[in-house]
Amino acid sequence: MGIWKIAGILAIITLIEYAFAFMMDAGTLRNVIFVGLTIVKAFYIVSEFMHLGHEVKGLIYSVILPMVFILWLIVALVELEGGAVKSSRGIVDYNPDGSEQVDDSH
């Protein structure tokens, strides 16, 4: 019974993601919604199908906390390296109103 309940929850979350993909314009808000719903789905998958939800809190924290720091490291490195590459290449930002911004800070 528990597996079917979790599978139903995952299916509903996936349908919500699918609806957002076609009803919203691409942008930061849509990306934040996708990331949030993906984290919720990951929680259910790890909790039920990987049986981590039935373990003691010490084991749960020893698995979750390193993952939080690894994700933070990945985001920080992508932001740092992406900014450095953009700066070194003098990438031109596109603005829909027709104006251009040239990044000449290198």
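Being a predicted model, the structure only gives us computed values, none of them experimental.

Draft legend 1. The arrangement of the overall build of the chain in detail. Along the backbone of the chain there are three helices and two strands. Each helix and strand of the chain, ordered N terminal to C terminal, gives the series α-α-α-β-β. Across the 106 residues in the chain, those meeting the buried criterion constitute 10%. Element-wise, carbon and sulfur atoms account for 71% of the exposed surface of the chain, whose accessible area totals about 8,600 Å².

Draft legend 2. Broad picture of the layout of surface pockets. Here the largest pocket is characterised by a volume of approximately 520 Å³. Lining the largest pocket are 14 residues, with I39, A42, F43, V46 and I64 positioned closest to its centre. Elements represented by at least two residues in the lining of the largest pocket include exactly α2 (28-49) and α3 (57-89). Its residues placed into classes, the lining of the largest pocket shows 12 nonpolar, two polar and no charged.

Draft legend 3. Structural context of the confidence of the model for the chain. Within the chain, residue pLDDT values average 82, and 85% of them lie at 70 or more. For the chain, per-element mean pLDDT is lowest for strand β2 (residues 100-102), which scores 57, and highest for helix α1 (residues 2-23), which scores 90.

Draft legend 4. Representation of the packing of aromatic side chains within the structure. Within this structure, the stated rule accounts for two aromatic pairs. Here Y18 and F22 contribute two aromatic rings whose centre-to-centre distance is 5.0 Å and whose plane-to-plane angle is 65 degrees, an arrangement assigned as edge-to-face. Of this pair, Y18 and F22 both sit in helix α1, four residues apart, which is roughly one turn of that helix. No difference in accessibility class separates Y18 from F22, as the two residues are exposed. Ring centres of F43 and Y44 lie 5.4 Å apart, and the angle between their planes is 65 degrees; this geometry places the pair in the edge-to-face category. You can call F43 exposed: its relative accessible area is 52%.

Draft legend 5. Looking closely at the side chain of S47. Its location among the elements puts S47 in helix α2. Using a relative accessible area of 14% as the deciding quantity, one classes S47 as buried. Discounting chain neighbours no more than four positions away, the residues touching S47 are L52, G53 and H54.

Reading guide: rules and limits
Residues numbered from 1 in each chain as written. Predicted model: local features only at pLDDT ≥ 70, side-chain atom pairs only at ≥ 80, totals over all residues. Heavy atoms only, no water. Helix = DSSP H or I, 4+ residues; strand = E, 2+ residues; numbered from the N terminus. Buried < 20%, exposed > 50% of the residue type's maximum accessible area, 1.4 Å probe, protein only. Areas by Shrake-Rupley, 256 points an atom, 1.4 Å probe, with all protein chains shown as cover. 1 Å grid on protein atoms, 1.4 Å probe; cavity = no way out; pocket = protein on both sides within 12 Å on 5 of 7 lines; lining within 4 Å. Points joined across faces, edges and corners; volume = space filled by probe spheres on them. Nonpolar A, V, L, I, M, F, W, Y, C, P; charged D, E, K, R; others polar. pLDDT = per-residue confidence, 0-100. Phe/Tyr/Trp six-rings, centres within 6.5 Å; stacked < 30°, edge-to-face > 60°. Contact = heavy atoms within 4.5 Å.

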